Each structure stands twice: as C-alpha cells, then as structure tokens.
Amino acid sequence: MEKISVAVRFRPSVASDSICERQWRIDDNRISLHRPLGTPISGVSFAFDHVFDHTSTNNAVYDLLIKSLIRAAVDGFNGTAFAYGQTSSGKTFTMNGSEEDAGIIPLAVKDVFRTAHMTADREFLIRVSYMEIYNEEINDLLTLGNQKLPIHESLERGVYVAGLREEIVNSAEQVLELLKLGEANRHFGETNMNARSSRSHTIFRMVIESSAKDLISSDNISDADAIRVSVLNLVDLAGSERIAKTGAGGVRLKEGKHINKSLMVLGNVINKLSENGKQRGHIPYRDSKLTRILQSALGGNAKTSVICTVAPEEVHIEETRGTLQFASRAKRVTNCAQVNEILTDAALLKRQKLEIEELRRKLQGSHSEVLEQVILKQRNDMHKSELECEKLAMELEEERKSREALERCIAEQQRKIDSRSIATPSEDQATSSAKQNVGLKSICNEVSMSRSDVFQTPNLKQMSNGFVVQRSIFSKELDSSPVPENFANVADEDLWMRLNKGCITDLDMLQMTPNVKCQSFSLSEISHDVCLEEDANARRCHRSENECIFDRQQLEVSKEQCSMLEQECNRLREEKTSLIQDLSMSKKDVEILNSEKEDLLKELNMEKQRMKDLKEEIRLFSMAFTQREGLLTSLYTKSKAMVENLKASQVAIPEVYDC
Ligand code: ADP
Ligand code: MG
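In this numbering scheme, every chain counts its residues from 1 along its sequence in written order. To read the labels, note that chains go from A and ligands from 1, taken in the order they are written. With pLDDT at 70 or above as the cut-off, local features in this predicted model cover only qualifying residues; side-chain atom pairs require 80 or more to be listed or tallied, and sums for whole chains, interfaces and linings still use all residues. Heavy atoms from the whole structure form the basis of all side-chain values; hydrogens and water molecules are not counted.

## Details of the overall build of the protein chain
Item 1. When helices and strands are counted, the protein chain shows 16 helices and 17 strands.
Item 2. To sort residues, take the accessible area from a 1.4 Å probe on protein chains only and compare it with the maximum for the residue type: under 20% means buried, over 50% means exposed, and anything in between is partly exposed. A buried classification covers 38% of the 659 residues belonging to the protein chain.
Item 3. Computed with the Shrake-Rupley method and a 1.4 Å probe, the accessible areas treat only the protein chains shown as cover for residues. For the protein chain, the accessible area works out to roughly 38,700 Å², and carbon and sulfur atoms hold 54% of it. Per the convention used, a helix needs a DSSP run of H or I reaching at least four residues, while a strand needs a run of E reaching at least two, with both numbered from the N terminus.

So this is what it looks like as structure tokens:
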C-alpha cells in the first residue's frame, strides 16, 4: 500500500498590481495564506509531498514527482499522473510544456524509451493512444471522426475504450509526432482552442508490454516468461473553477455542467477513498467517464501522482484554496500497485510443464519411493513373521508330541504303580513279611497244595483286570521286553479269553510285559522269590513315584511353554493379517498413483505437442511480421520520397509564377 504522491505548483503571477490584501507563502513543502503584514490566516495552511514555486521548471517537477512513476511503469506497474487546477493555472503548461521547457508528457515519453533501451534483458512493445473527454463523450484524438466511443469492461483487458486507436510505436519521436497530430485534431472545428481545452479532459495513454528476451529460444522455465503489461496515463484535466465564474450560458453552460460533473465525481471518489477504510462504502467510479477510465489509478492497482496547479493572484484565492483542499484529500488516498503479469500461451505452457514436472518428481521421487519402501518393509516384516510363525508352529508340534509322550509315559508309570499297588502289599507289609520269612515257609507249605492247583490252572483267570501284568509277579524280571514273536510265551488262553470278551489289548503294553515261564517251582523257591520280588517291587514303585512327580512337573512346565507359544503364534497370526491388509491398501495406493502418473504423462505429452505447435506458429508469425515490416519500411521510404518530391514541386511553382 502506498499513498498517492501529491505536489502543488504555482505558476508565475500575471497580476500587475503588487499590492494585495492576502497572499500565498511557501515554506519548504508547506503553503499558507498570509496577510500583507505577514500574519498567517489560521486554518489556511497545507503541507504536501512537494511544493513548486513560480520559478520551478517542468524538468524539476518531472524529476521529483514523475520520474520514479515512469521507471515503475516500464517495470510493469500501472502509473497515472494528472494535473488538476483551475483554468489558466498551468496544467497544460505542466503536462505539455513549451518549446523551451518540455512538459511531463514529452519528458515521460523520452524516459520510457530510454529506460526500455537500458533494460537489456527484456523486449518491449509500446502502444499509445490519445483521447479527450468532452461533454462526457470520449473522442479519439489520433483518428479524426472517431468520436463518442463507448467504455467496455472485460476480464482480460479490464476497463477499456472500445474502438480507440492504439498506435504501436518504437521511438520517442514517433510518439511526439502522434501527440502533435492529436493536438491538431483537437483544433479541428474549434475556433477558440483554449476555451475548449479548459473544458475537456485529455488522457494520453501508453501501454507498455515487455517479455524476457529469451522467451522463445530458451527452454529454461522461469517466471520471467510471463508478459508484463502496464498502463501509463498522463492526464490534463479540465479547469476546476466554479461554473458561476465562467459566466457562461448556452453551449458553455452545458460544457461547464459536464466538467463540473466529472470533476465533482472525481472529487467524490477522492473523498471516499481518503476516508477511513471501514467507512468507505461504495466508490462512485461509474458516475463519470473520467473516473471510470482512471479507476485503477484511484485507490487501485497503480502508482499515482497528482500535480495541482494554482494561480497565485488574489482574485483566484478561492479556487486556489479549493484546489489545495482537493490536494490534501488526495494525499490521504492509498493505492496498492503490483506488477501486472499476463501469462502468454507459451509462458502458460512452460508454467504447466513446470507443474507437471514437479508432480512427476513428487510421484517418482519422495511419495512413490516412500510407498514402495513401506511396502517392501511390510513384505519383509510379513515374511519374517511367517517364518517365525512356522518355526513356532513346529516348536509347538514338537512340544505337543513331547507332551503326549510324557503323558503316555506318566500314564504308563501310573498304571505300573496302580498295578503294583494292587498286586503287592505296601512297603511296610513287604518288610514285615520278609521278617516273617520263616513263618512264611510254613504258610508256603500250606499254600503249596493249593498252589499246585493254581499252576495246573492259572489262578489269574479269576483276576480278569490284572491279566498280563499280574503274570509278571510270577516271572523273573527280564533285561529286555520280549519281541512280538514271544506272544507264544504270553498266556495264550488269557489273551484268547480277553479278546473273546471284546477287550482291546494294548500291544505296546503286552510287548513290555515280561513273559511268563510256564514251569513248575518248588514251594521254598517260590516263597524266597516272592520276598525278593516284593522288595524289588517296593523299590521300583518308589522310584516310579519319584519319576512320576518329576514327569508331572516337567509336564506342567511344558504345558506353560506350550500355552505361551500358542499365544505368540496367535499374536503373529494377527500381525500377519494386519500386514496383509496394509499391503493390499498400499497396493491400491500404488495403483492409483500409477494411474495418476499415466494421466499426467499423457497430459505432458499433449502439452509438449501444443508447445511444438505454438513454437511453429510463433516462427511463422515472426517470418510474416518481418516480411510486413520490410514492406512497410520500403513503403514508408517511397512515400517519404514522394512527399519530398511533392514539397520540392510545391516550392518550385511560385518560381514559375514569378517568372
Ligand atoms: P491551464 O491548462 O491550466 O488552463 P495553461 O497551462 O494553459 O493553463 O497556462 C495558462 C498560461 O500560463 C499559459 O500561457 C502558460 O504558458 C502560462 N504558464 C502556466 N504555467 C506556467 C509556468 N509554470 N511558467 C511559465 N508560464 C506558465
Ligand atoms: Mg489547459
């Protein structure tokens, strides 16, 4: 945001009498009204950015107020300078100047071309137009009869005067010629040029387009590819005096009303813009053609300078005061200027290309790589967890097998213990029976009769449940279990009876069961053997019980391990499932990204094709342009020669007459 730059300029006095009641005094950049004795009149004191006294030159005004504006316009900022003041205060003198003292417009024109030439890295295309607003009608000053032009507005061009001639220019001299032409057209049909000029606003406009010189040849993509377009308005306003002062009637009265209307609207716009931002409300740009055309220069996208010209004479004190008040309000207006960039098709293409490249980089680079890495990591993790899962499953299986083996072993031990506890008396009983060995012998004698009967018919027939195991009581302990062929030695009858009863016999148990020797024993041998056997059994039983306890403990431990392994296995399974889900989602993402990538590549190819076409078009256009330029130059040379000839012939005629 920057404030409008405002200056006040006094023209030299034309009053003959030096005695006056009040006069303006300038102190640096302050103007105040004083009485003859030098006492200031309160409330009539103004300060501005610059104040120029009657000795100032147009050059000085240009250097301090306008130069920076022109440089900015060449750099792409919109710029507007306008002269405001009553008739004959020196507006036209300031804007156009004189032979000796060139005004702001010619100085600006020269400066634009000078600056453009100095800007080596850019190419410029400059167009000029010159218009007049008279009685709220826009007339083209460069084309005679091109009058009452309408104002249009479009998105691309903003507010513009339709049908206004715009001349492409390439030198300051060419522009100055056109300005002369405009002045000449302004004279047309008017007997009193000054009378008209004080009632019309003139707007001299330069449109400065520039682009980086390497736009077409270079493949480098940069923001410099955009085209900058700035509009420079140099405005000479109509006189701001009161209508009563013109003392006009008829046509002049009508003119005055229009002048007052547009200047009044300009004043309103300035007033509104100078108000605090929040209270501003609607700005009435549309109320006059002048404010509509200068819209961007007033509180918009432009750098603006106002030069208020004032007449120092006492007779003009009220007008001067009014002008100074207007200038004070204008000083409070802020604009927001920025470089105007337009993207040409080529620049747009390059920018799009840049964006596509960026997208592509993102796609190929960070994003997809990261995704691929994530997928790879997930795959690895999944593989690891699968392996771990398999390992655990194997361990679990082994654990199960060992547990089963242990259980079987325990069951066997248990069975052994049970069978022993049934078949043999308790340890105490065994000891006591050993002690009563002698007594036993007598008992054995008693039993021998009945035993002989037992050995005729195996007594174990009566103990169906004890069956094979109980046989071992009567057999000697073997070093190894009998091989299955020894079934013949196992009590065939018993087996046969058990099978006939439908009992399922554990063959493993049978194999481990010591065989029974069917032989006869003497009673003493039997009793002695029984005692020894009972001791051995008691010891075995004790050992088996210990083993059993140990096995049970081991079983408990392995059970715990087993449950832990199962839990671990479940956890890994869950992990695997979630990893699979993640993987499938990532795969989908990759698919989407790939399709996006493909689309972008297609787009890129299309854009490349478009760029090629555009380059071709530009090449053809440049060729055509060069041809036409050559033609025009030769035409211009020819016509110049013709004009010279004509001039020569016109000079020659009087000589003929003289003769
Ligand atoms: P305006 O355009 O405001 O109606 P002009 O520029 O036509 O006024 O000035 C009126 C007269 O005053 C002209 O003859 C002009 O040469 C003269 N004049 C104005 N300003 C100056 C100045 N600063 N120095 C010398 N003469 C000036
Ligand atoms: Mg004038």
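That shown, we press on.
## Regarding the packing of aromatic side chains
Item 1. Any two of the Phe, Tyr and Trp rings considered here, Trp counted by its six-membered ring, make a pair once their centres fall within 6.5 Å; the pair's planes then place it as stacked at under 30 degrees, edge-to-face at over 60, or tilted in between. Evaluation of the coordinates by the stated rule reveals 4 aromatic pairs.
Item 2. Ring centres of Phe621 and Phe625 lie 6.4 Å apart, and the angle between their planes is 25°; this geometry places the pair in the stacked category. One end of the pair is Phe621 and the other is Phe625, both in helix α16 (residues 523–658) and 4 residues apart, which spans about a single turn.
Item 3. The exposure class assigned to Phe621 is exposed, which follows from its relative accessible area of 59%.

## Considering the pattern of salt bridges
Item 1. We count a salt bridge whenever a side-chain nitrogen from Lys or Arg sits within 4 Å of a carboxyl oxygen from Asp or Glu. In the structure shown here, the tally under the stated rule is 18 salt bridges.
Item 2. With a shortest N-O distance of 3.8 Å, Asp63 and Lys67 are connected by a salt bridge. Residue Asp63 and its partner Lys67 are both found in helix α1 (residues 58–74); the two are separated by 4 residues, about one turn of the helix.
Item 3. Using a relative accessible area of 42% as the deciding quantity, one classes Asp63 as partly exposed.
Item 4. For Glu607, the salt bridge identified is with Arg610, shortest N-O distance 3.8 Å. Of this pair, Glu607 and Arg610 both sit in helix α16, 3 residues apart, roughly one helical turn.
Item 5. Since its relative accessible area comes to 41%, Arg610 is described here as partly exposed.

## Side note on the nonpolar core
Item 1. Put simply, buried Ala, Val, Leu, Ile, Met, Phe, Trp, Tyr and Cys residues joined by side-chain atoms within 4.5 Å make one nonpolar core. Counting 44 residues, the largest nonpolar core has Val8, Phe48, Leu266 and Leu298 as the members making the most contacts within it.
Item 2. Per element, the largest residue contribution to this core is 6 residues, and it comes from helix α7 (residues 250–274).
Item 3. Excluding residues that lie within four positions of it along the chain, Leu266 makes contacts with Phe82, Tyr84, Leu237, Leu290, Thr291, Leu298 and Phe326.
Item 4. In this structure, Val61, Leu65, Ile66 and Leu142 belong to the second largest nonpolar core, which totals 36 residues. Residue contacts are counted whenever heavy atoms from the two residues lie within 4.5 Å of one another.

## Description of the site of ligand 1
Item 1. Being near a molecule or strand, for a residue, comes down to having at least one heavy atom within 4 Å of it. Neighbouring ligand 1 are Arg9, Arg11, Pro12, Gln86, Thr87, Ser88, Ser89, Gly90, Lys91, Thr92 and Phe93.
Item 2. N or O atoms within 3.5 Å of each other form a polar contact, as long as, within protein, one can give a hydrogen and the other can take it, and as long as residues adjacent in sequence are counted only when both atoms are side-chain atoms. Ser88 is positioned such that a nitrogen or oxygen atom in its backbone is 2.7 Å from an oxygen atom of ligand 1.
Item 3. In the complex, 66% of the free accessible area of ligand 1, which totals 550 Å², lies under the protein chains.
Item 4. A total of 3 residues in the shell around ligand 1 trace back to one element, the largest contributor, which is helix α2 (residues 91–96).

## Concerning the sheet that holds strand β4 (residues 30–34)
Item 1. Here 3 strands make up an open sheet; going across it, the order is β3-β4-β5 and the pairing antiparallel. Of all strands in the sheet, those bounded by a partner on one side alone are β3 (23–27) and β5 (40–47). Shown here is a sheet whose adjacent strand axes are inclined to one another by a mean of 25°, direction ignored.
Item 2. Pairs of strands are assigned from DSSP output, requiring at least two bridges between the strands. Direction of pairing for β3 relative to β4: antiparallel, over a ladder of 5 bridges. Bridged to Ile26 within β4 is Ile31.
Item 3. Angles run from 0 to 180 degrees between N-to-C directions of axes, and those axes are lines fitted to C-alpha atoms, restricted for helices to the stretch in contact. Running at roughly 45° to β5, helix α9 (residues 317–331) makes contact with β3, β4 and β5 of the sheet.

## Some words on the packing of α1 against helix α3 (residues 104–118)
Item 1. Relative to each other, α1 and α3 sit at 40°, their axes nearing to 9 Å. If you check the angle between α1 and α3, you find them oblique. The handedness of the crossing between α1 and α3 is right-handed. For the pair α1 and α3, the contacting residues are Asn58, Asn59, Val61, Tyr62, Ile66, Lys67, Ile70, Arg71 and Val74 in the first and Ile104, Leu107, Ala108, Asp111, Val112, Thr115 and Ala116 in the second. Angle categories are assigned with fixed cut-offs, so that under 35 degrees is roughly parallel, over 145 is roughly antiparallel, 65 to 115 is roughly perpendicular, and the rest are oblique. Note on convention: the crossing is left-handed when the near helix lies turned anticlockwise from the far helix by less than a right angle, right-handed when the turn is clockwise.

## Quick look at α1
Item 1. Multiplying 1.5 Å by the helix residue count minus one yields the expected span of that helix. Its 17 residues place the ends of α1 only 21 Å apart at the C-alpha level, less than the 24 Å of an ideal helix rising 1.5 Å per residue.
Item 2. Bend, in this description, refers to the angle at a residue between axes fitted to the seven residues ending there and the seven starting there. Residue Ile66 marks the point of greatest curvature in α1, where the axis turns by about 55°.
Item 3. For α1, the full list of buried residues reads Asn58, Val61, Tyr62, Leu65, Ile66, Leu69, Ile70, Ala72, Ala73 and Val74.
Item 4. Just downstream of α1, Gly76 is the residue with a positive phi angle, here 110°.

## Quick notes on the pairing of strand β13 (residues 200–212)
Across a regular strand the side chains alternate sides, sitting on one face of the sheet and then on the other.
Item 1. Taken across its 13 residues, β13 has 12 buried, putting it largely inside the fold.
Item 2. Here strand β8 (residues 122–134) runs beside β13; their pairing, made up of 13 bridges, is antiparallel. The residue bridging Ile133 from the neighbouring strand is His201, located in β13.
Item 3. Summarising the sheet, β13 and strand β14 (residues 227–236) pair through 9 bridges and their orientation is antiparallel. Note that in β14 the partner of Ile203 across the bridge is Val235.

## Focus on a negative patch on the surface
Item 1. On the surface, Glu596, Glu598, Asp599 and Glu603 cluster together into a patch of negative charge.
Item 2. The topology assignment puts Asp599 in helix α16. Only residues above 30% relative accessible area that lack a salt bridge enter a patch, with like-charged residues linked at up to 9 Å and the nonpolar side chains Val, Leu, Ile, Met, Phe, Trp and Tyr linked at up to 5 Å. Only four residue types enter the tally: Lys and Arg on the positive side, Asp and Glu on the negative side, with His and both chain ends excluded. Charge positions come from single atoms, namely NZ of Lys, CZ of Arg, CG of Asp or CD of Glu.

## Focus on the environment of Glu407
Item 1. Looking at the secondary structure, you find Glu407 in helix α10 (residues 345–423).
Item 2. If sequence neighbours within four positions are ignored, Glu407 has contacts with Leu555 and Lys559.

## Observations regarding the confidence of the model for the protein chain
Item 1. Confidence scores per residue from the predictor, reported as pLDDT, run from 0 to 100. Of all residues in the protein chain, 69% attain a pLDDT of 70 or more, and the chain-wide mean is 76.
Item 2. pLDDT under 50 marks residues 426–523. Its contacts with residues more than four places away, or in other chains, come to 75 contacts.

## What to know about the environment of Ser98
Item 1. Mapped onto the elements of the fold, Ser98 is located in the loop between α2 and α3.
Item 2. Spatially, the C-alpha atom of Ser98 lies 9.4 Å from that of Asn58, the residues being 40 residues apart in sequence.

## Notes on α9
Item 1. The terminal C-alpha atoms of α9 lie 21 Å apart, and with 15 residues this matches the ideal 21 Å at 1.5 Å per residue to within 8%.
Item 2. The set of residues buried in α9 consists of Ile317, Glu319, Thr320, Thr323, Leu324, Phe326, Ala327 and Ala330.

## Things to note about unusual backbone geometry
Item 1. The phi dihedral of Ser88 falls on the positive side, at around 70°, and the residue is not glycine.
Item 2. Within the secondary structure, Ser88 is located in the loop between β7 (79–84) and α2.
Item 3. When its relative accessible area of 47% is taken as the criterion, Ser88 is described as partly exposed.
Item 4. The phi dihedral of Lys148 falls on the positive side, at around 50°, and the residue is not glycine.

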